[in-house]
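Spelled out, the chains give:
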There are 2 protein chains.
Amino acid sequence: MVAIDIATRVWNHTFKLDPIVRSLLDTDFYKLLMLQMIWGLHGETDVTFRLINRTRTVRVADEVDEGELRAQLDHARSIRFSKREMIWLAGNTFYGERQIFRPAFLEWLKDFQLPPYELAKRDGQYELMFRGRWTDTMMWEIPALAIINELRSRSAMKSYRRFELDVLYARAKAKMWEKVERLDKLPAIRISDFGTRRRHSFLWQRWCVEALKEKLGSRFIGSSNVLLAMEADLEAIGTNAHELPMVAAALAETEADLREAPYRVLKEWQSWYGGNLLVVLPDAFGTASFLERAPDWVGDWTGFRPDSAPPIEGGEAIMDWWRSKGIDPRDKLLVFSDGMDIGTIEETYRHFDGRVRMSFGWGTNLTNDFRGVAPEENLGLHPISLVCKVMEANGRPAVKLSDNPAKATGRPEDIERYRRVFGTAAKIPREVTV
Amino acid sequence: MVAIDIATRVWNHTFKLDPIVRSLLDTDFYKLLMLQMIWGLHGETDVTFRLINRTRTVRVADEVDEGELRAQLDHARSIRFSKREMIWLAGNTFYGERQIFRPAFLEWLKDFQLPPYELAKRDGQYELMFRGRWTDTMMWEIPALAIINELRSRSAMKSYRRFELDVLYARAKAKMWEKVERLDKLPAIRISDFGTRRRHSFLWQRWCVEALKEKLGSRFIGSSNVLLAMEADLEAIGTNAHELPMVAAALAETEADLREAPYRVLKEWQSWYGGNLLVVLPDAFGTASFLERAPDWVGDWTGFRPDSAPPIEGGEAIMDWWRSKGIDPRDKLLVFSDGMDIGTIEETYRHFDGRVRMSFGWGTNLTNDFRGVAPEENLGLHPISLVCKVMEANGRPAVKLSDNPAKATGRPEDIERYRRVFGTAAKIPREVTV
């Protein structure tokens with residue numbers, strides 16, 4: 001006789017909801033770092049975030065039930081930071097620094113709650129918007145994306161029998177492990193999990209993180225997911241994101257102001273953080289334009305995260321810039337995090353090995369690569385390019401140009417204006433798969 | 001908080017032993033069929049069975065702890081047929097026939113217990129012998145082999161951490177599933193599980209059986225394992241084995257008697273069973289010799305199981321013989337069961353498709369193919385060619401010639417005598433890997 005714990009079984013029957021997000025720490029670390037600075041400097045700024053599905057061919061609203069989506073979003077709104085989470089944030093060392101979060105910020109954070117959302121359906125897509133104080137709305141980005149992506153996975157697997165699921169996860173693990181074994185052949189690899197927003201599911205992300213930790217040891221430098229970092233005693237990884245220059249640019253009053261926005265943001269960042277947190281994200285309005293106008297002090301920062309240029313081309317451009325400033329790239333860091341997978345990681349690693357310090361932020365292809373693992377090919381398990389971006393700040397439109405026009409956001413007329421101001425030429429879009 | 005069932009956890013701590021064999025039905029079906037006939041016709045015959053490790057390079061006694069082996073064998077001796085097992089044997093339909101087991105036999109069987117064993121170590125191998133009544137000793141073959149093979153797996157995995165085991169089984173499932181998907185491409189395949197004796201473990205065999213059932217549906221015709229057949233509502237598959245002609249031959253008083261032994265055994269079988277159970281195992285003393293002397297009535301049997309010749313060569317020889325008797329092979333059955341794996345199954349299937357009825361008994365490469373799935377290659381997980389064979393009957397030496405001299409058993413002088421009597425030429429041995 002197999003012993004079944006009756007209490008557990010009955011408890012399972014009482015579930016109204018299997019919550020996807022169960023902690024406010026189940027978010028990317030850079031959100032908390034940015035939040036502290038925004039809280040300190042831009043507490044009065046209103047910013048609207050908006051869900052964008054760049055994979056238009058996938059009709060997310062047909063795949064994900066609206067009632068289930070609302071229930072998950074509502075549940076996320078009910079969560080608060082727990083006492084032990086607050087203690088960990090206050091007491092942990094991040095990037096080698098103690099007390100990176102100021103007591104006054106943590107005091108404010110302990111009552112944090114995700115703000116209301118606006119949800120509608122249009123043309124098979126969800127229109128999901130978060131309006132309000134930047135300090136509130138910015139925290140929706142990661143949970144909102146994680147929720148929709150996991151609901152989409154659940155929906156794609158709804159008809160599977162127990163055994164099919166067993167085979168599916170066995171094959172996913174085998175596929176993932178092949179990648180980890182290939183990474184293991186790169187002796188100086190430094191890689192972290194950046195896969196929270198696009199994950200297949202929370203449990204699957206956790207498995208992937210365990211796999212990397214198991215095989216790569218200290219070459220796996222940590223996870224962007226704060227909850228997983230806490231639970232697995234890993235480093236929380238991340239610095240800043242496009243929302244900072246996008247909001248700064250949206251609020252700029254003059255063209256000169258607009259042109260200066262990316263550097264003003266770095267100045268602000270530097271006034272809050274130091275050391276390894278000084279990583280430049282150069283591509284919000286085009287990396288070439290950014291580098292051309294960048295003041296010399298940007299060369300003092302630890303490194304760059306080229307996030308939309310092809311990794312080798314983008315990395316070389318930044319190295320050229322360092323050299324033009326008399327800086328040896330071997331003292332500097334490049335963080336590659338745009339749509340990386342095992343093949344591009346290997347290629348990039350081999351290209352730059354010994355020439356510059358580098359690390360990889362591995363996202364979608366780490367935590368949501370289920371292509372070819374289902375019993376029959378299941379497109380619902382293929383990841384889509386879902387993002388949650390700043391749409392406007394204090395009522396003014398926000399824009400991102402990116403090094404890949406397929407990743408640009410904003411109204412066409414605003415994009416045009418930004419191109420002119422930043423002198424960023426229109427390029428050929430490269431397909432955004434993840 | 002994860003809910004742990006405390007009672008289960010504490011219960012786990014009390015295990016003195018995790019038994020490998022937990023039911024006397026956890027054996028091959030042909031054992032029960034043969035046992036009934038032996039009980040009816042040869043109840044007074046003494047037969048000694050002996051463990052033989054054909055893979056001499058693997059020192060089983062160094063890998064498997066003697067104390068653990070004794071504990072498992074002792075546990076197997078403590079098992080009796082349960083009431084519901086007896087009811088199932090009495091009430092189930094086997095090969096389309098009701099009440100294949102006679103009430104008097106079942107009455108005798110309900111008190112059955114595995115007899116004592118003799119165990120010693122020599123040169124890194126176990127000398128394991130079962131002496132006594134044929135009706136008792138013959139039932140040790142499958143549990144003894146399953147126990148040693150699973151203890152060997154356990155020993156090979158002893159040092160693995162939880163996560164390594166997770167990856168190992170994920171990869172084993174993925175590997176197995178690739179095979180099942182290839183089988184699924186053979187529209188008229190008929191295949192059964194013959195993997196009890198060589199299985200990696202009981203739970204793994206059960207998973208493999210579920211996988212075949214899931215994907216192949218009715219093309220998976222059943223399992224030789226009676227317990228799995230009962231639990232999963234599958235057909236129990238199997239007919240007879242080499243021990244029948246080997247004992248008959250050992251007891252033969254004259255050379256003419258010896259030469260007749262293989263056919264005498266078939267006569268006896270036919271007096272007990274009919275229909276689809278009439279499958280000839282022709283290779284005990286060489287298939288060529290068997291066919292040459294075979295009486296015409298052997299052509300009335302349902303089919304043959306060539307068990308040591310290469311499948312295509314062996315199958316063609318039997319088809320030639322049928323045709324020489326004016327029989328259309330398309331009315332006849334070939335059962336291929338010797339060391340088959342997905343590649344040889346496909347090849348054999350394509351070779352014979354439409355020319356003869358065929359089915360496959362898939363053994364070691366179904367239930368114990370862990371090559372290449374461990375984190376690092378682990379030879380302890382590679383299957384070995386372990387068998388448990390008749391050594392003597394009523395004190396007289398037993399011999400098997402086989403179509404592959406690597407599978408011959410017996411003393412050299414006896415093998416020589418059998419070769420002469422059966423006119424079986426010495427052949428080049430083919431490596432026995434499983």
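Definitions and cut-offs
Residues numbered from 1 in each chain as written. Chains lettered and ligands numbered in written order. Predicted model: local features only at pLDDT ≥ 70, side-chain atom pairs only at ≥ 80, totals over all residues. Heavy atoms only, no water. UniProt positions renumbered as here; feature names shortened; annotations may be inferred. Buried < 20%, exposed > 50% of the residue type's maximum accessible area, 1.4 Å probe, protein only. Helix = DSSP H or I, 4+ residues; strand = E, 2+ residues; numbered from the N terminus. Arc of directions from axis to C-beta. Contact = heavy atoms within 4.5 Å. Buried area = accessible area lost by both parts, 1.4 Å probe. Salt bridge = Lys/Arg side-chain N within 4 Å of Asp/Glu carboxyl O. Pairing = 2+ DSSP bridges. Right-handed = clockwise from strand over helix to strand, strands pointing away. Phe/Tyr/Trp six-rings, centres within 6.5 Å; stacked < 30°, edge-to-face > 60°. Lys NZ or Arg CZ within 6 Å of the ring centre and 35° of its normal. Least-squares fit on C-alpha atoms with pLDDT ≥ 70 in both. Axes fitted to C-alpha atoms, helices over the stretch in contact; angles between N-to-C directions. Parallel < 35°, antiparallel > 145°, perpendicular 65-115°, else oblique. Left-handed = near helix turned anticlockwise from the far one by under 90°. Nonpolar A, V, L, I, M, F, W, Y, C, P; charged D, E, K, R; others polar.

An unreviewed UniProt entry annotates chain A as Nicotinate phosphoribosyltransferase originating from Aureimonas flava. The annotation that UniProt attaches to chain A under Catalytic activity (unreviewed entry) is "5-phospho-alpha-D-ribose 1-diphosphate + nicotinate + ATP + H2O = nicotinate beta-D-ribonucleotide + ADP + phosphate + diphosphate". According to its UniProt record, chain A has this under Function (unreviewed entry): "Catalyzes the synthesis of beta-nicotinate D-ribonucleotide from nicotinate and 5-phospho-D-ribose 1-phosphate at the expense of ATP."

> Hey, could you run me through helix H18 (residues 412–422) of chain A in this one?
Residue pairs spaced three or four apart in an α-helix point in one direction, given the helix's 3.6 residues per turn. All names here are of chain A. Asp-414, Ile-415, Tyr-418, Arg-419, Val-421 and Phe-422 are the residues of H18 that are buried. Projected down its long axis, H18 carries its buried residues within an arc of 165 degrees, all on one side. Set apart from the buried face of H18 by more than 90 degrees, the exposed residues are Pro-412 and Arg-420. Tucked inside the fold, the buried residues of H18 contact helix H12 (243–251), helix H13 (255–272), helix H14 (287–293) and strand E13 (396–397). At the exit of H18 stands Gly-423, carrying a positive phi of roughly 65 degrees.

> Mind showing me how you'd approach the interface of chain B and chain A here?
By a widespread convention, an interface's size corresponds to the accessible area lost as its parts come together. In this assembly, 20 residues from chain B lie in contact with 20 residues from chain A. Both faces considered, chain B and chain A share a buried interface measuring about 1,800 Å² in area, 53% of it formed by carbon and sulfur atoms. On the chain B side of the interface with chain A, the three residues burying the most area are Phe-163, Arg-171 and Glu-214 of chain B, jointly 33% of the side's total. Inspection of the chain B/chain A interface yields ten salt bridges. Taking the shortest distance from any N to any O, the salt bridge between Arg-171 of chain B and Glu-178 of chain A comes out at 3.9 Å.

> Sorry, what's going on with the pairing of strand E11 (residues 357–362) of chain A here?
Residues in a regular strand project their side chains so that they alternate between the two faces of the sheet. All names here are of chain A. Of all six residues in E11, five are buried, a share of seventy percent or more. Summarising the sheet, strand E6 (residues 191–193) and E11 pair through three bridges and their orientation is parallel. Each bridged residue has a counterpart across the sheet, and for Ile-191 the counterpart in E11 is Phe-360. Sheet topology places strand E10 (residues 333–336) next to E11; four bridges connect them, and they run parallel. Within E11, the position partnered with Phe-336 by the bridge is Phe-360. Once the chain exits E10 it traverses helix H16 (residues 342–352) before rejoining the sheet at E11, and the crossover so formed is right-handed.

> What exactly am I supposed to notice about the packing of aromatic side chains here?
Within a pair of aromatic rings, the relevant descriptors are the distance that separates the centres and the angle that separates the planes. Residues and elements named next belong to chain A. Across all of its chains, the model carries 54 aromatic pairs over all chains by this definition. Three or more aromatic residues link up through ring pairs in this structure, and these residues are Phe-29, Trp-39, Trp-88, Phe-94, Tyr-95, Phe-101, Phe-105, Trp-108 and Phe-112. Across the ring face of Trp-272, the terminal group of Arg-102 is positioned such that the distance to the ring centre comes to 3.6 Å.

> Sorry, what's going on with the pattern of salt bridges here?
Charged atoms that come close allow side chains of opposite charge to pair. For the structure shown, the criterion picks out 88 salt bridges over all chains. The closest approach of N and O atoms between Arg-154 of chain B and Asp-18 of chain B, which form a salt bridge, is 3.9 Å. Residue Arg-154 of chain B is found in helix H8 (residues 141–157), and its partner Asp-18 of chain B is found in the loop between helix H1 (6–13) and helix H2 (29–41); the two are separated by 136 residues along the sequence. Given the relative accessible area of 36%, Asp-18 of chain B is considered partly exposed. One network of salt bridges, with partners in common, ties together Asp-28, Lys-31, Glu-141, Arg-197 and Glu-243 of chain A.

> In this structure, what is going on with the UniProt feature "domain: Nicotinate/nicotinamide phosphoribosyltransferase" (unreviewed entry) in chain A? I would like to understand it.
The sites that UniProt annotates as "domain: Nicotinate/nicotinamide phosphoribosyltransferase" (unreviewed entry) are residues 190–423 of chain A. Annotation note: span residues 190–423 of chain A, helix share 41%, strand share 13%, distance between end C-alpha atoms 35 Å.

> Explanation requested: the relation of the copies chain B and chain A in the structure shown.
Two copies of one chain are present, and they are related through a rotation about an axis combined with an axial shift. If you rotate chain B by 180 degrees and push it 0.0 Å along the axis, it lands on chain A with an RMSD of 0.0 Å. This pairing of chains is accounted for by a two-fold axis. The C-alpha atom lying nearest the rotation axis in chain B is that of Ala-170 of chain B; the distance is 2.0 Å. Looking at chain B, 100% of its interface residues are interface residues in chain A too, so the copies touch through the same face.

> What should I look at first to understand the packing of helix H15 (residues 311–324) of chain A against H16 of chain A in this one?
When two helices pack together, their arrangement is given by the angle between the helix axes and by the axis-to-axis distance. Residues and elements named next belong to chain A. It is at 10 Å that the axes of H15 and H16 come closest, and there the two elements cross at 30 degrees. Between H15 and H16, the crossing angle belongs to the class labelled roughly parallel. For the element pair H15 and H16, the recorded crossing hand is right-handed. When H15 is examined against H16, the residues Pro-311, Ile-312, Gly-315, Glu-316 and Met-319 are found in contact with a partner set consisting of Glu-347, Thr-348, His-351 and Phe-352. The residue makeup of the contact of H15 with H16, split by class, is four nonpolar, three polar and two charged.

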